[in-house]
Amino acid sequence: MPQYVFKMKKGELEIEFSSDDADFVEQQLEKWREEILKKQTQQG
C-alpha cells in the first residue's frame, strides 16, 4: 500500500503529515491550494 508523506518548512516552522489514504491526501492538498489562492487574491 502506498504511503504519502508531505513535509513543508518555512524558516523554523515545519509541518509534516503522512497517510496511506490517497483521497485524504488529495482533499488536504486542495484545501491548502484554496487557502494559498485566497491569500494571494486578498493581497492584490
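Just so you know, these numbers come straight off a predicted model, no measurement behind them.

K.L.:
Lay out the overall build of the chain in plain terms, naming residues and giving numbers.
P.N.:
Assigned secondary structure in the chain consists of one helix and two strands. Beginning at the N terminus, the succession of helices and strands in the chain can be written as β-β-α. Taken along the three principal axes of its C-alpha coordinates, the chain extends 45 × 25 × 10 Å. The buried share of the chain, taken over its 44 residues, is 9%. Contacts in the chain between residues far apart in sequence, at least 24 positions, make up 3% of those at least 6 positions apart. Of the roughly 4200 Å² of accessible surface on the chain, 50% is carried by carbon and sulfur atoms. Distance from the positive charge centre (7 side chains) to the negative charge centre (10 side chains) of the chain: 9 Å.

K.L.:
Kindly report on the pairing of strand 1 (residues 4–10), identifying the contributing residues and their values.
P.N.:
As paired elements, strand 1 and strand 2 (residues 13–19) share seven bridges and run antiparallel to each other. Following the sheet pairing, phenylalanine 6 is matched in strand 2 by phenylalanine 17.

Parameters and conventions
- Residues numbered from 1 in each chain as written.
- Predicted model: local features only at pLDDT ≥ 70, side-chain atom pairs only at ≥ 80, totals over all residues.
- Heavy atoms only, no water.
- Helix = DSSP H or I, 4+ residues; strand = E, 2+ residues; numbered from the N terminus.
- Buried < 20%, exposed > 50% of the residue type's maximum accessible area, 1.4 Å probe, protein only.
- Contact = heavy atoms within 4.5 Å.
- Areas by Shrake-Rupley, 256 points an atom, 1.4 Å probe, with all protein chains shown as cover.
- Lys, Arg positive; Asp, Glu negative; His and termini not counted.
- Charge placed at Lys NZ, Arg CZ, Asp CG, Glu CD.
- Pairing = 2+ DSSP bridges.

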